[in-house]
Amino acid sequence: MGERTASGRWLRAALLLAGAVLFAVLAWEIGPRAIAASFGQLGWRLLIVLVFPFAVVTTFDTLGWKYAFRRDRVSFWALARARVAGEAVNGTTPTGSVGGEAVKAWLIRDRVPFRESLPSVIVAKTTITIAQSLFLLFGILVAWPTLQAHQSWLLEPMGALLGLEILAVAGFVYAQMAGVLAGSGKMLERIGVKLSAHRGLPLKRIDRALFLFYRRQPARLGLSIGCHFLGWVMSAAETWFILWLLGMPVSPATAVVIEACGTAVRFVTFFIPGHLGALEGGNVAVFTALGLDPAAGMSAILIRRVREAAWIGLGFLVLRAPGRRPAAVAVPEPEG
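Our subject in this report is the structure included herewith.

## Re the overall build of the protein
Assigned secondary structure in the protein consists of 15 helices and 2 strands. Each of the 336 residues in the protein was classed as buried or not, and the buried ones make up 47%. For the protein, contacts bridging at least 24 residues in sequence account for 77% of all contacts bridging at least 6.

## Quick look at the pattern of salt bridges
Summed over all chains, the structure comprises 16 salt bridges. Of the charged contacts, one joins R304 and E259 as a salt bridge, the two residues approaching to 2.7 Å between their closest N and O atoms. Note that R304 is positioned in helix α15 (residues 294–320) and E259 in helix α13 (residues 252–268), a separation of 45 residues in sequence. The two residues R304 and E259 agree in class, both being buried. One connected set of salt bridges, linked through shared partners, spans D61, R83, E87, E101, K104 and K125.

## Topic: the environment of W244
If you trace the backbone, W244 turns up in helix α12 (residues 218–245). Residue classification places W244 among the partly exposed positions, given a relative accessible area of 46%. Between the C-alpha atom of W244 and that of L42, which follows or precedes it by 202 residues, the distance is 9.9 Å.

## A few points about the side chain of K104
Within the fold, K104 resides in helix α6 (residues 99–107). The buried category is assigned to K104, whose relative accessible area is 4%. Polar side-chain contacts of K104 include one of 2.6 Å to the side chain of E87. Aside from chain neighbours lying at most four places away, what touches K104 is W65, A82, R83, G86, E87, N90 and V121.

## Points about the side chain of Q176
Structurally, the position occupied by Q176 is in helix α8 (residues 155–177). Aside from chain neighbours lying at most four places away, what touches Q176 is I122, T126, L210 and Y214.

## Overview of the packing of aromatic side chains
Tallying each qualifying case throughout the model produces 10 aromatic pairs. Ring centres of F76 and W77 lie 5.3 Å apart, and the angle between their planes is 80 degrees; on these two criteria the pair is classed as edge-to-face. Exposure remark for W77: the relative accessible area of 62% places this residue in the exposed category. Look at F138 and F229: their rings are 6.1 Å apart centre to centre, the planes differ by 70 degrees, and that puts the pair in the edge-to-face class. In this pair, F138 sits in helix α7 (residues 114–146) while F229 sits in helix α12, placing the two residues 91 residues apart along the sequence. Owing to a relative accessible area of 34%, F138 belongs among the partly exposed residues under this scheme. Assessed through its relative accessible area of 22%, F229 is described here as partly exposed. Put simply, the rings of F52, W240, F241 and W244 pair up and form one aromatic cluster. One residue, R109, lies across the ring of W106, its end atom 3.6 Å from the ring centre. Here R307 stacks its cationic end above the ring of F54, 3.9 Å away from the centre of that ring.

## Details of the nonpolar core
Among the nonpolar cores identified, the biggest contains 66 residues, and W65, I108, L243 and L290 are the most heavily contacted of them. Per element, the largest residue contribution to this core is 13 residues, and it comes from α7. Among the nonpolar cores identified, the runner-up in size contains 9 residues, and I272, V284, M298 and L302 belong to it.

## Details of a nonpolar patch on the surface
Together, W44, I48, V51 and F52 give the surface a local cluster of nonpolar side chains, amounting to about 420 Å² of exposed area. For I48, a relative accessible area of 31% gives the class partly exposed.

## Regarding the environment of R70
Secondary-structure assignment places R70 in the loop between α4 (54–66) and α5 (76–90). Among the residues examined, R70 registers a relative accessible area of 36% and is labelled partly exposed. Each C-alpha atom, one on R70 and one on F213, is 6.2 Å from the other, the two residues being 143 residues apart in sequence. Each residue touching R70, except ones within four places of it in the same chain, is listed here: A209, L212, F213, Q217 and R220.

## Observations concerning the packing of α7 against α12
Put simply, α7 and α12 touch, their axes get as near as 8 Å, and they point 55 degrees apart. Taken as axis vectors, α7 and α12 run oblique relative to one another. Seen along the crossing, α7 lies across α12 with a hand that is right-handed. Across from A124, T127, I128, I130, A131, Q132, L134, F135 and F138 in α7, the residues of α12 making contact are L221, S224, I225, H228, F229, W232, V233 and A236. Of the residues that constitute the contact of α7 with α12, the class distribution is 13 nonpolar, 4 polar and no charged.

Cut-off values and rules
- Residues numbered from 1 in each chain as written.
- Predicted model: local features only at pLDDT ≥ 70, side-chain atom pairs only at ≥ 80, totals over all residues.
- Heavy atoms only, no water.
- Helix = DSSP H or I, 4+ residues; strand = E, 2+ residues; numbered from the N terminus.
- Buried < 20%, exposed > 50% of the residue type's maximum accessible area, 1.4 Å probe, protein only.
- Contact = heavy atoms within 4.5 Å.
- Salt bridge = Lys/Arg side-chain N within 4 Å of Asp/Glu carboxyl O.
- Polar contact = N/O pair within 3.5 Å; in protein donor to acceptor, adjacent residues only side chain to side chain.
- Phe/Tyr/Trp six-rings, centres within 6.5 Å; stacked < 30°, edge-to-face > 60°.
- Lys NZ or Arg CZ within 6 Å of the ring centre and 35° of its normal.
- Core = buried A, V, L, I, M, F, W, Y, C linked by side-chain atoms within 4.5 Å.
- Patch = residues over 30% accessible without salt bridge, like charges linked within 9 Å, V, L, I, M, F, W, Y side chains within 5 Å.
- Areas by Shrake-Rupley, 256 points an atom, 1.4 Å probe, with all protein chains shown as cover.
- Axes fitted to C-alpha atoms, helices over the stretch in contact; angles between N-to-C directions.
- Parallel < 35°, antiparallel > 145°, perpendicular 65-115°, else oblique.
- Left-handed = near helix turned anticlockwise from the far one by under 90°.
- Nonpolar A, V, L, I, M, F, W, Y, C, P; charged D, E, K, R; others polar.

Just distances and angles here, no functional claims.
What follows is the structure, given as structure tokens:
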């Protein structure tokens, strides 16, 4: 077990180093001066990007989590605070964007029992991934009539990644419906949830909660997917807004294609801490394929990195609030 943990750490370190090298190479090839000039052109308006449109994205994603409960049990603001804090953990720990999910469940422990909060974050993780796939499909449909002949090759990797996402999402939903949690608690332990020896009873409750949600709450399931999809649409709006501020306006359709490709890169590089290097490389490649200035693509993703850092800082401020710093999350004792 220790050897496996050590090898995992070495692998994450190697991936992080490879991403950093790729990042440095891209920055050198494009030119630090060109990137700095873009930031200089943005000026004080960077403060706007730190808040808008990402605040709207967070609003939609919080609503997506709200509808992942079988009924309304937690206020929107409590969910928003927990989500910002959890995403800060996801963005700074090499846990495949799942480490913060246990933090979200822990932060609302005084409002709902763990057997309700944990299924909700699992459902929300599922619905945001489904929405991501739908947004990639939307990007393909938008790209199909708008790309020129020499750019149409971009549709092939987008289609291949869509197929991969569909298979992954279908497998994830099937595993939940089949009771994967009761079969193995290791997945929960990997995201920070320590299990007590209760003969699997709490995990069976979570499995049943997932099963009942998917079978009996189609309306809330649809609302959760819809809200997350609007969150992805607003991410495309953020791309359009940043490029407009940089003096390189693109059409809304082009912004959708750029963001759709970015979501696909995020999906296949979830194991790289912070997607370092992968997002930058993907953005530069897409900008080049679309006949846009690759320096603008690099600058746009770096501006979003600055925004991400600001929101991560906000998330850790939430975690540092009195009574909100989580220890390891433990499954509660069964009632009765």
